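Structural description and commentary
The chain contents come next:
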Number of protein chains: 2
Amino acid sequence: MPLLIRSRALDLRLRHTFRTARGPSDVRENLLVEVEHQGETGLGEAAPIRRYGEDRASAAAAVSAMAGRLDDPRAYSLAAREAAVPGQVSAEAAVDMALHDLAGRRLGVPLFELLGLDRRRAPETSFTIGMDTPEVVARKVKEAAAYPILKVKMGSADDREMLTAVRDSTDRPIRVDANEGWTPEEALERLRWLAGMGVEFVEQPLPAGREEEMRALRRNSPLPFYADESVHRARDIPKLAGAFDGINIKLMKCGGLAEALRMIAVARAHGMKVMLGCMIESSIAITAAAHIAPLVDTADLDGNLLLDEDPFSGATVVDGRIVPPDAPGLGVRPRPG
Amino acid sequence: MPLLIRSRALDLRLRHTFRTARGPSDVRENLLVEVEHQGETGLGEAAPIRRYGEDRASAAAAVSAMAGRLDDPRAYSLAAREAAVPGQVSAEAAVDMALHDLAGRRLGVPLFELLGLDRRRAPETSFTIGMDTPEVVARKVKEAAAYPILKVKMGSADDREMLTAVRDSTDRPIRVDANEGWTPEEALERLRWLAGMGVEFVEQPLPAGREEEMRALRRNSPLPFYADESVHRARDIPKLAGAFDGINIKLMKCGGLAEALRMIAVARAHGMKVMLGCMIESSIAITAAAHIAPLVDTADLDGNLLLDEDPFSGATVVDGRIVPPDAPGLGVRPRPG
C-alpha cells in the first residue's frame, strides 16, 4: 500500500498578542501534516520560522516534495532527514513527528515507550510571559500560577521594567530569553542586574555566530547561558562547548525527534545541560517534544498554552511537569469543538 | 509480574588459536543473560574484557546486582545504564541487549525496526586474520574468501612478515589494528610502510591516553586512524576530535546498544567515521550490533565467525555485508545441535 502525505493549514489564534524583540503576533500560520500507511495515520505539525526563510507555503511545498522521496516509513529515525528539502526544517520536523506517531500507533505503544523512555521522568516546564506593560505582565504572571518556572522574553528598551514587574508579582524562579538582543558591551552589566533579581539563567544573550564573544562573556558572567539561535542541529554543538552551559532544542529548528535525540547525546557528551523548547504550536508538536522530555533537564513547552484554542489535546502539565499521554504514538486527539 | 534475570556460562571455542599482542587464546568464557518479563524472554551476552578487570565471575555478579535495580524493563534505552555496576561494562551490555531483545519481541518487530532503521543499509564487514606463521596466514586469507575486507592485528615483532603474507595472498582491502602496540617514535615509519602496502587505515596505533601524540602523528600520517582503546563511551569522543578520523564502537566497551547509538550521534557531530567492532562473541552479541549497523560506515563484526561452533544463529553476511534477521527482537535462535 503506498504512503500518502497530506498537509493543510492549521491557524492558531493567540490568547494574548505576543510581543518579542521581533515584533507582535496574533495568529500563527502553522501546517498540519498527515502520513497515511497501511490504514494508520500519523500526525505532525510545522511551525514555520520566518527568521529562517520559512512560511506556511514553503513548508507545504517542502512536505509535498518529501512525499515523493519517502520509501520506507518504518525507518522513522532516518526517513525525514533523508527526504528533507534543504532550508525547510519545520516541514522536516512535521514529517519526522508524523512518522514517529505512525510507528507508535502501528505497534500500539506510546512514543515514549517505543523509544525506551520512562515517562515518570517528566521535567518541570516553564511558562513564557510575553513583553507587555507592567499591569498586563502582572496579570499574566497570575494566570500562570500552575507553572513552577517563568520565562521572560527580553531584548527591548524596557527590559528592566518588564522583569521588575514579573519579580514583583511572584517569587517563582525566572529565566530570561534575550533572543540575541544584547551587545557584548552591555551584556555583562545586564547579567549582573539579572543575577541580583534572582534570575536562574539567560538564553542567547548575543546574536548567533558570536561564539567567541560568548566564551569571553561566560568567563565573567554570574549566570549560566543556554544557546538557542546558536544551535540548530547536532553538528552545531561541539563549537558551543565553553561558550554556553546548555542548549535549547526545538523540533522546528532541528528537524524533528530523531535529530533532537542525537542532539541530547552530543550535548551530554560535552557536559552540557539540555532544555526542550518550542515555537507557538498546537498540542501536536508540543506532545511530540513531551515524549522525549524524560531525557532533558528542563522544558519550556508552553507554545500550546498561549493559544486561545488548542485544536488538539495531548501532553498535560501535572504538578508543573510536562507528561506525555499513555496512548499509542503521540497520543494526540482533535479537541471536540 | 516481576522481572527475572538469569545468567549462565557460555563457553566459546575458537576455530584457530587466536594470537594478538596480548597473547594466545583458545576458549572465551562468555556469559549468557536472560531477562524474563510477562512471558517473554530477552537474550543478551557478555564478553568480559580482562584488560578492564572483568571476567565471567565478575560479570555474573554484576548481572545479579543489576537484577534488583531494574524496575521498568520497557525503558530499554535507559535501564541498563542506570542499573549498571561501575566497571562491569560487559554485564551492562548484556542486560542492555536483553532489554532491547525483549522490547522487540514484545512488540513483534525486529530490533532494527523498533529503532526506526533500514536494514537494507547494511555496511560491509571485515574479517580478522590473527597473527600466525606466513603459511597459516595464507590459509586463513583463503578461508575468508567471502569477506570483502581483511583486518590484520599487529603489534608484535613480525608485523611486516605477517602483513606481507596477507598482501601476497589477496588484493582485497586490508585494515590494520595496531592494538596500542606502537611507540610514537616508530609509528610514522610503520605507517608509511603500511601505506605502501595498500592498507586502508590503522586502528589505535598508540596506547590509549596519548591523544596529544596521536594529534601530532595524524598531521603527518599517510593513513587515517580509528580509535579503539581510546574510546569507550560517548563522553570520550569530544577529546578525540583531531586525534582520530573515526571510532570503533564495541558493545562490550560501551555498555550496549543505547550507548552505541549515542556514540554514533556524537561521532557524527564531530565529523568522525564510525566502525562497529566486537570481541569474540556468539551470534547473540554480533546480531545485536548488526541491528544498528545501518548507521555506521563499516563493520568488523566477525567475532562469531572465528568460533568452532556458534551456539546461536542470527545476523548473516550477505555479499560481504552484515544483515540482521527480520524476526522479532534480536531474532537470534539456538543453533540445533
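Our subject is the structure that appears above.
So, here's what we can say about the structure.

Thresholds, definitions, all that
- Residues numbered from 1 in each chain as written.
- Chains lettered and ligands numbered in written order.
- Predicted model: local features only at pLDDT ≥ 70, side-chain atom pairs only at ≥ 80, totals over all residues.
- Heavy atoms only, no water.
- Helix = DSSP H or I, 4+ residues; strand = E, 2+ residues; numbered from the N terminus.
- Rg over C-alpha atoms; globule rule 2.2 N^0.38 Å.
- Buried < 20%, exposed > 50% of the residue type's maximum accessible area, 1.4 Å probe, protein only.
- Contact = heavy atoms within 4.5 Å.
- Areas by Shrake-Rupley, 256 points an atom, 1.4 Å probe, with all protein chains shown as cover.
- Lys, Arg positive; Asp, Glu negative; His and termini not counted.
- Charge placed at Lys NZ, Arg CZ, Asp CG, Glu CD.
- Least-squares fit on C-alpha atoms with pLDDT ≥ 70 in both.
- Salt bridge = Lys/Arg side-chain N within 4 Å of Asp/Glu carboxyl O.

Looking only at helices and strands, chain A has 11 helices and 15 strands in total. Computed over C-alpha atoms, the radius of gyration of chain A comes to 19 Å, within 12% of the 20 Å expected from 2.2 N^0.38 for 337 residues, which places it in the range of a compact globule. Taken along the three principal axes of its C-alpha coordinates, chain A extends 60 × 45 × 40 Å. By the burial criterion, 63% of the 337 residues in chain A qualify as buried. Partitioning the intrachain contacts of chain A with sequence separation of at least 6 by distance along the chain shows that 68% fall at a separation of at least 24. Carbon and sulfur atoms make up 48% of the accessible area of chain A, which amounts to about 12,400 Å² in all. If the 44 positive side-chain charges of chain A are averaged to one point and the 50 negative ones to another, these points end up 2 Å apart.

We now examine the relation of the copies chain B and chain A. In this arrangement, two copies of a chain are superimposed by a rotation about an axis accompanied by a shift along the axis. Once turned by 180 degrees and shifted 0.0 Å along the axis, chain B lies on chain A with an RMSD of 0.0 Å. In symmetry terms, the pair is related by a two-fold rotation axis. Within chain B, B:Val266 has its C-alpha nearest the rotation axis, a separation of 2.4 Å. Both copies share a contact surface, since 100% of the interface residues of chain B are interface residues in chain A too.

Residue and element names in this part refer to chain A. One pass over the structure, following the stated rule, counts 62 salt bridges over all chains. One salt bridge in this structure joins Glu-36 and Arg-6, with 3.0 Å as the shortest N-O distance. Here Glu-36 is found in strand β2 (residues 23-37), whereas its partner Arg-6 is found in strand β1 (residues 4-20), with 30 residues between them in sequence. Residue class for Glu-36 comes out partly exposed when judged on its relative accessible area of 25%. The partly exposed category is assigned to Arg-6, whose relative accessible area is 36%. Residue Glu-92 is joined to Arg-233 by a salt bridge in which the shortest nitrogen-to-oxygen separation is 2.5 Å.

What follows deals with the environment of B:Glu229. Structurally, B:Glu229 can be placed in the loop between β8 (225-227) and β9 (246-250). Taking the C-alpha atoms as reference points, B:Glu229 and B:Asn179, 50 residues apart in sequence, are found 7.7 Å from one another.

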